[in-house]
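# An overview of the molecular structure
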Amino acid sequence: MMKLYITTPSPFARKCRIVAREKGVAVEEIVVDPYANAAELLAANPLVQVPSLIAEDGLPINDSPIICEYLDMVGSGPRLTPESGPDRLRVRRIEATADGLLEMGVKLVLEKRRHESERSPSWMERWSTHMHRALDALEAADLSADDFHIGTLTAGVAVTWISFRHPDFDWQTGRPRLVALQAALEARASFAETRPA
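So, how was this worked out
Residues numbered from 1 in each chain as written. Predicted model: local features only at pLDDT ≥ 70, side-chain atom pairs only at ≥ 80, totals over all residues. Heavy atoms only, no water. Buried < 20%, exposed > 50% of the residue type's maximum accessible area, 1.4 Å probe, protein only. Helix = DSSP H or I, 4+ residues; strand = E, 2+ residues; numbered from the N terminus. Right-handed = clockwise from strand over helix to strand, strands pointing away. Pairing = 2+ DSSP bridges. Expected span 1.5 Å × (residues − 1). Polar contact = N/O pair within 3.5 Å; in protein donor to acceptor, adjacent residues only side chain to side chain. Axes fitted to C-alpha atoms, helices over the stretch in contact; angles between N-to-C directions. Parallel < 35°, antiparallel > 145°, perpendicular 65-115°, else oblique. Left-handed = near helix turned anticlockwise from the far one by under 90°. Contact = heavy atoms within 4.5 Å. 1 Å grid on protein atoms, 1.4 Å probe; cavity = no way out; pocket = protein on both sides within 12 Å on 5 of 7 lines; lining within 4 Å. Points joined across faces, edges and corners; volume = space filled by probe spheres on them. Nonpolar A, V, L, I, M, F, W, Y, C, P; charged D, E, K, R; others polar.

Here we take up the pairing of strand β1 (residues 2–6). β1 sits mainly inside the fold: 4 of its 5 residues count as buried. Running through helix α1 (residues 11–23), the crossover from β1 to the neighbouring parallel element strand β2 (residues 27–31) is right-handed. Sheet analysis places β1 next to strand β3 (residues 52–54), joined by 3 bridges and oriented antiparallel. Bridge assignment links Tyr-5 to a residue of β3, and that residue is Ser-52.

Here it is in structure tokens:
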């Protein structure tokens, strides 16, 4: 069985966990501590980051978009990432925007963990501004849970994670489509089983 190294709060790991469930791919989820340089994670990923997948051939796959695409290929059912053409580019653009939103949010989390005297207010403001811009772009994309693909999946993961890690960050106001998307996606079994903790 394939092994997926995760932390339960990680939105990038959650993406992969959701894809595995949606595609019916059996993976053993192994919770590790990247900050402790977990030996098994280090062996799979020299950057000691989650998620990291040990694939069917025993080789590691790192980075959530690549892991998700691999699980999408080996799993069953409709493809979450179109194989080619303009629709593939559309879906990957949405995924990239949602991933970028998460990356800004993670930077903000890490900055807040620094001692207050070491924090950079200007960088924190910049990352927050980027998050709002990405959210506006996702709102404008008019995403719907009825058009379920890796882009909508990632956008749903992103807004739930923001609520989890940045409860004072208002992503809902003026973004009714994203609010509706989150509500619809979080009702799916794959989302309910992987909520951040």
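On we go.
Given a rise of 1.5 Å per residue, 13 residues ought to cover 18 Å, and the 18 Å separating the end C-alpha atoms of α1 matches this to within 8%. Of all 13 residues in α1, 11 are buried; the element is thus mostly enclosed. The set of residues buried in α1 consists of Pro-11, Phe-12, Ala-13, Arg-14, Lys-15, Cys-16, Arg-17, Ile-18, Val-19, Ala-20 and Lys-23. For α1, the capping residue at the N-terminal end is Ser-10, with a side-chain oxygen 3.3 Å from the backbone nitrogen of Phe-12.

Look at helix α4 (residues 85–113) against helix α6 (residues 150–165): their axes get within 8 Å of each other, and the N-to-C directions meet at 20°. Taken as axis vectors, α4 and α6 run roughly parallel relative to one another. Judged by the twist between their axes, the crossing of α4 over α6 is left-handed. In contact with Val-91, Ile-94, Glu-95, Ala-98, Asp-99, Leu-101, Leu-102, Gly-105, Val-106, Val-109 and Arg-113 of α4, α6 contributes Ile-150, Gly-151, Thr-152, Thr-154, Ala-155, Ala-158, Trp-161, Ile-162 and Arg-165.

Our focus in this paragraph is the sheet that holds strand β4 (residues 60–62). Two orientations exist for strands paired in a sheet by backbone hydrogen bonds: parallel and antiparallel. One open sheet holds the 4 strands; their spatial order is β2-β1-β3-β4, and the pairing between them is mixed. Each edge of the open sheet carries a strand with a single partner, namely β2 and β4. Strand-to-strand twist of the sheet, defined as the mean angle between neighbouring strand axes without regard to direction, takes the value 20°. Bridge count between β3 and β4: 3 bridges; the pairing is antiparallel. Along β4, the bridge assignment pairs Leu-53 with Ile-61.

Considering only enclosed or pocket space, the largest pocket measures out at about 760 Å³ in volume. Listing elements by their share of the lining of the largest pocket, those giving two or more residues are α1, α3 (64–74), α4 and α6. At 6 residues, the largest contribution of residues to the lining of the largest pocket is made by α4. Each residue belonging to the lining of the largest pocket can be placed in one class, and the counts come to 14 nonpolar, 6 polar and 5 charged.

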